[in-house]
Amino acid sequence: MSSAEDLQFTILPHPNPTSPEKRAELMANPAFGRIATDHMVLIRYKEGEGWHDAQVLPRGPLTLDPSAAVLHYAQEIFEGMKAFRTADNGIAIFRPDANARRFRSSADRMAMPLIPENLFIRAVDELVKADQDWVPSGENASLYIRPFMFANDAFLGVKPASEYMFLVIAAPVGAYFSAGAVTVWVSETYTRAAPGGTGAAKCGGNYAGSLLAQAEAKDHECDQVVFLDAVHHRFIEEMGGMNIFFVFNDGSISTPALTGTILPGITRDSILTIAREKGLTVREEPYAIDQLLEDAQSGRLVETFACGTAAAISPIGVVRTKNGEVKIGNRDGAGPVTESLREVLLGTQRGRVADTHGWEHRVL
Ligand SMILES: *Cc1c(COP(=O)(O)O)cnc(C)c1O
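Here goes a summary of the coordinates provided. Note that the structure is a prediction, hence the values are computed from the model and not measured.

Here is what the cut-offs are and how they apply
- Residues numbered from 1 in each chain as written.
- Predicted model: local features only at pLDDT ≥ 70, side-chain atom pairs only at ≥ 80, totals over all residues.
- Heavy atoms only, no water.
- Buried < 20%, exposed > 50% of the residue type's maximum accessible area, 1.4 Å probe, protein only.
- Helix = DSSP H or I, 4+ residues; strand = E, 2+ residues; numbered from the N terminus.
- Pairing = 2+ DSSP bridges.
- Salt bridge = Lys/Arg side-chain N within 4 Å of Asp/Glu carboxyl O.
- Near = heavy atom within 4 Å.
- Polar contact = N/O pair within 3.5 Å; in protein donor to acceptor, adjacent residues only side chain to side chain.
- Areas by Shrake-Rupley, 256 points an atom, 1.4 Å probe, with all protein chains shown as cover.
- Nonpolar A, V, L, I, M, F, W, Y, C, P; charged D, E, K, R; others polar.
- Patch = residues over 30% accessible without salt bridge, like charges linked within 9 Å, V, L, I, M, F, W, Y side chains within 5 Å.
- Expected span 1.5 Å × (residues − 1).
- Phe/Tyr/Trp six-rings, centres within 6.5 Å; stacked < 30°, edge-to-face > 60°.
- Lys NZ or Arg CZ within 6 Å of the ring centre and 35° of its normal.

On to the pairing of strand β3 (residues 50-58). The element β3 is extensively covered by neighbouring structure, given that seven of its nine residues are classed as buried. Looking at chain direction, strand β1 (residues 10-11) and β3 are connected through two bridges and run parallel. Bridging across to β3, Thr 10 finds its partner in Gln 55. Looking at chain direction, strand β2 (residues 39-46) and β3 are connected through seven bridges and run antiparallel.

Written out as structure tokens, the structure is:
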């Protein structure tokens, strides 16, 4: 059995790739996640054999046995990361090592095999190289990269599977939300994760369970749902797919601590680092929804924003609950602290701000 670290990729170029004209048309105004690039990466895993059969191949449908374990018991995890066109027309991925590590901890929680960090990053690099013409250059544009893994055993018994498929696909994307601040709905009906559950793992099942809450948010004319903790139904946890930050009138910022029910966002971690370097007082602590409503009214809470790879940093303008709503900081766009954090984050991703943390992974 050869070591996964040395596994070589077989490259099968697309025989009939998208024409430059068609690609330009698709990339002009991409809807999030709707556009397929020409290639995908596939690596197989089998108990006893390990990681094998690494390929870059034309993107296309997969064939699964109807008893494939993922279709019944949802053993599936994923990652989300972005490649950016740099100022010198190269391509860089933001913190893929952090995604690789998180993918391993998600796999661990879901009783799946751990892909070596190095193999994960090489897989992503191979796809970005094969699809380099799909990396857009506009200010809000990037190539969204989606690595994922699922249980592929043809077996209906309940146990960790012995066969898995790891894939990487990608899609050029523009801005996730249209400009301005988003309105969020605080769900008191549904929770996202409970202590001891899978809240800290990036698994598809967490999303399946959050869709109805997101629909509830839409019913109340909100863009996104905010979840409260499952024990007290009081403390703010996160959004369906983004972490949340609060900025106070004394210049301090806070975000809920990683207690096992919150997804440890890489954007969250980057913002904590940037904020500390700016000299802001940073707290990771619980924040209750009743306190938020009071602080928004008293003017102690001056800015709130959501963060994640897809949307980067999105200001939150209005927090709506079943008992009423508050407007944060009385403005429509990002507040000054949100804006200054965003400038460093986006600037680092695009090579405008010096990368003092080794966050940029150069592919080309
Ligand atoms: C992916 C994700 C985030 C954001 O993580 P990033 O690494 O910053 O993209 C936040 N919450 C949930 C539930 C997520 O799945």
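This next bit is on the pattern of salt bridges. Counted under the stated rule, the structure contains 22 salt bridges. The closest approach of N and O atoms between Asp 53 and Arg 44, which form a salt bridge, is 3.7 Å. On the basis of relative accessibility, which here comes to 29%, the residue Arg 44 falls in the partly exposed class. Here Arg 352 ties to Glu 343 by a salt bridge, and the two come within 3.6 Å at their closest N and O atoms. With relative accessibility at 42%, the residue Arg 352 sits in the partly exposed group.

A few words now on the site of the ligand. Surrounding the ligand, one finds 15 residues, the nearest of these being Lys 202, Tyr 207, Glu 238, Thr 267 and Thr 309. A distance of 2.6 Å separates an oxygen atom of the ligand from a polar side-chain atom of Lys 202. In this structure, an oxygen atom belonging to the ligand sits 2.5 Å away from a side-chain N or O atom of Tyr 207. Contact with the protein chains covers 97% of the free accessible surface of the ligand, which is 380 Å². Tallied by class, residues from the shell around the ligand come to four nonpolar, seven polar and four charged.

On the surface, Tyr 73, Leu 156 and Val 158 cluster together into a nonpolar patch covering about 330 Å² of accessible area. Counting through the fold element by element, Tyr 73 comes out in helix α2 (residues 70-73). You can call Tyr 73 partly exposed: its relative accessible area is 40%.

What follows deals with unusual backbone geometry. The phi dihedral of Asn 89 is positive, around 65°, even though this residue is not glycine. Along the polypeptide, Asn 89 turns up in the loop between β5 (81-85) and β6 (91-94). Residues other than glycine seldom take positive phi values, yet Ala 111 does so here, at roughly 55°. If you trace the backbone, Ala 111 turns up in the loop between α3 (96-109) and α4 (117-130). Classification of Ala 111 by relative accessible area gives partly exposed; the value is 42%.

A separate point is helix α6 (residues 266-277). Given a rise of 1.5 Å per residue, 12 residues ought to cover 16 Å, and the 17 Å separating the end C-alpha atoms of α6 matches this to within 8%. Buried within α6 are the following residues: Ile 266, Thr 267, Arg 268, Ser 270, Ile 271, Leu 272, Ile 274 and Ala 275. Phi turns positive, to about 85°, at Gly 279, one or two residues after α6.

This part covers the packing of aromatic side chains. Using the criterion set out here, one finds 11 aromatic pairs in the structure. Ring geometry for Phe 245 and Phe 305: centres 5.1 Å apart, planes at 10°, overall stacked. Of this pair, Phe 245 sits in strand β12 (residues 243-248) while Phe 305 is found in strand β15 (residues 301-308), placing the two residues 60 residues apart along the sequence. Pairwise contacts between aromatic rings join Tyr 45, Trp 51 and Tyr 164 into one cluster. Directly above the ring of Trp 134 sits Arg 23, whose terminal nitrogen or CZ lies 6.0 Å from the centroid.

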